[in-house]
Amino acid sequence: MDLVLKVPRLNSEETTGFGSAALSYDASPAGSSLSSAGDPNIARPATVEHYKAGMLLSGVGDAIGFRWEFDYSGPAIHKAVKKLGGLKNIKVELHDWPVSDDTVLHLATAEALATEKEGEELLQEVAFHYVKGMKDMKGREPGHSTIAGVSMLKPGTKGGYRIPYNPSSGGCGAAMRAMCIGLRYPWPEELSSLVAVAVETGRMTHPHPTGFLGAVASALFTAYAVQRRPITSWGLDLVKEACPAAKEFVKTAGYAVEETERDWGYFTEKWKWYLELRGLSSGTGPVVWPNPYGPAERDKAYKSFSWRGWGGSSGHDAPMIALDALLGAGSNWEELMNRVAFHGGEQWFLKICRT
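Description of the structure in this document. (Residues numbered from 1 in each chain as written. Predicted model: local features only at pLDDT ≥ 70, side-chain atom pairs only at ≥ 80, totals over all residues. Heavy atoms only, no water.)

Another point: the packing of helix α1 (residues 48-66) against helix α3 (residues 101-113). Here α1 crosses α3 at 160°, and the two axes come no closer than 9 Å. Comparing their axes, α3 and α1 come out roughly antiparallel. Between α1 and α3 lies a crossing of right-handed hand. Residue-level inspection shows Met55, Ser58, Gly59 and Asp62 of α1 in contact with α3, the latter providing Asp102, Thr103, His106, Leu107 and Ala110. When grouped by side-chain class, the residues that make up the contact of α1 with α3 number 3 nonpolar, 4 polar and 2 charged. (Axes fitted to C-alpha atoms, helices over the stretch in contact; angles between N-to-C directions. Helix = DSSP H or I, 4+ residues; strand = E, 2+ residues; numbered from the N terminus. Parallel < 35°, antiparallel > 145°, perpendicular 65-115°, else oblique. Left-handed = near helix turned anticlockwise from the far one by under 90°. Contact = heavy atoms within 4.5 Å. Nonpolar A, V, L, I, M, F, W, Y, C, P; charged D, E, K, R; others polar.)

This is the structure:
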């Protein structure tokens, strides 16, 4: 699978090429560079190389986390990683480290965006690629909402990118495949486009707001990384900027408005709760951390983030765990993986970590 993704308005006019053959990566922390509040890298403008790394490492993190996706114990996962020689000795390559359904559908989203189509034409393209991507799911464990949602898509027909409202579709699948939307629409003046595409592509499988707002959060945080916006402000800006924009878009689009408004509150209320927990209600910090905050303590914390005790499995807490990990790890790649990939529950690797 080859992908050419045009990089908008960065330091280079190059395009980036991605293919399945590129999914071989030394998972050691050497050379990693993550943007973080207080990190000097935050002053560096995003480049084509950052875009390439973001796309590649999204697959790397997914492949590593996928091995323990259904493991309940963070400490047990850490022991398993240690037996492998630690993160520095893991080399992610086929066939020992396959990617999950999330990377397949993330690449499908990116392929559609790379066509440079807009509006309904773009959404039809995304639907087409999702249907195509679902043919490559052997051993990848797609979720029920993703399977059901894609099965109802009818690309090429009027409105064929929409499915009926599903009150049980608040899972993390939409968030998993939305990072590249933030790469396509990274600038503040493109917020309305980012929100519209994230909402519409998200509810192709997850029409519940807890589900599709996870896609908004994933795309938004990626855009914020490109902008070099301080990480401490991301959660507040999600609640104050993007969620109201998404709600207004839903009203304007006129699809499942009543059901969506009825179920809207949980996502934003849980995020407000998280921001207060971490001392980020004003968007400035300092971040408040429990002490200690090792693998066992993080498992407990991530369960408290979750809807039903399965950390990272919903649209609200998947990006929440990822942001928590970024806030705590800063520019330390190994510590980031410890927090975001090696925990009990859904190992959701935020695909903006190298951006």
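All told, the structure shown has 11 aromatic pairs when counted by the stated rule. Ring centres 5.9 Å apart and planes at 90° place the aromatic pair Trp68 and Phe342 in the edge-to-face group. In this pair, Trp68 sits in the loop between α1 and α2 (74-83) while Phe342 sits in the segment after α15 (333-340), placing the two residues 274 residues apart along the sequence. Overall, Trp68 belongs to the buried group, its relative accessible area being 9%. Owing to a relative accessible area of 1%, Phe342 belongs among the buried residues under this scheme. Aromatic pair Tyr302 and Phe305: ring centres 5.7 Å apart, planes at 45°, arrangement tilted. Highlighted residues: Tyr302 and Phe305, both in helix α13 (residues 295-305), separated by 3 residues, approximately one helical turn. (Phe/Tyr/Trp six-rings, centres within 6.5 Å; stacked < 30°, edge-to-face > 60°. Buried < 20%, exposed > 50% of the residue type's maximum accessible area, 1.4 Å probe, protein only.)

Take the environment of Thr157 next. With respect to the helices and strands, the residue Thr157 is situated in the loop between α5 (144-152) and α6 (173-176). The class for Thr157 is partly exposed, based on a relative accessible area of 39%. Each C-alpha atom, one on Thr157 and one on Gln124, is 8.3 Å from the other, the two residues being 33 residues apart in sequence.

Okay, the side chain of Ser145 next. Position of Ser145 among the secondary structure elements: in helix α5. Taking relative accessible area as the criterion, Ser145 reaches 15% and is therefore assigned buried.

Moving on, we get to the pattern of salt bridges. Following the criterion strictly, the structure yields 13 salt bridges and no others. Asp136 is the salt-bridge partner of Arg140, the closest N and O atoms lying 3.2 Å from each other. You can call Asp136 partly exposed: its relative accessible area is 37%. In this structure, Asp237 and Arg229 form a salt bridge, with 2.9 Å as the shortest nitrogen-oxygen distance. (Salt bridge = Lys/Arg side-chain N within 4 Å of Asp/Glu carboxyl O.)

This part covers helix α12 (residues 265-277). In an α-helix there are 3.6 residues to a turn, and that puts residues three or four apart on one side. In a regular helix each residue adds 1.5 Å, so 13 residues correspond to 18 Å; α12 covers 18 Å between its end C-alpha atoms and thus fits that length. What α12 keeps buried is the set Phe267, Thr268, Lys270, Trp271, Tyr274 and Leu275. Taken end-on, α12 shows its buried residues confined to a sector of 165°, consistent with a single buried face. Against α9 (209-227), α10 (234-253), α13 and α14 (317-329) lie the buried residues of α12. (Expected span 1.5 Å × (residues − 1). Arc of directions from axis to C-beta.)

Function cannot be read off these values alone, since they describe shape.
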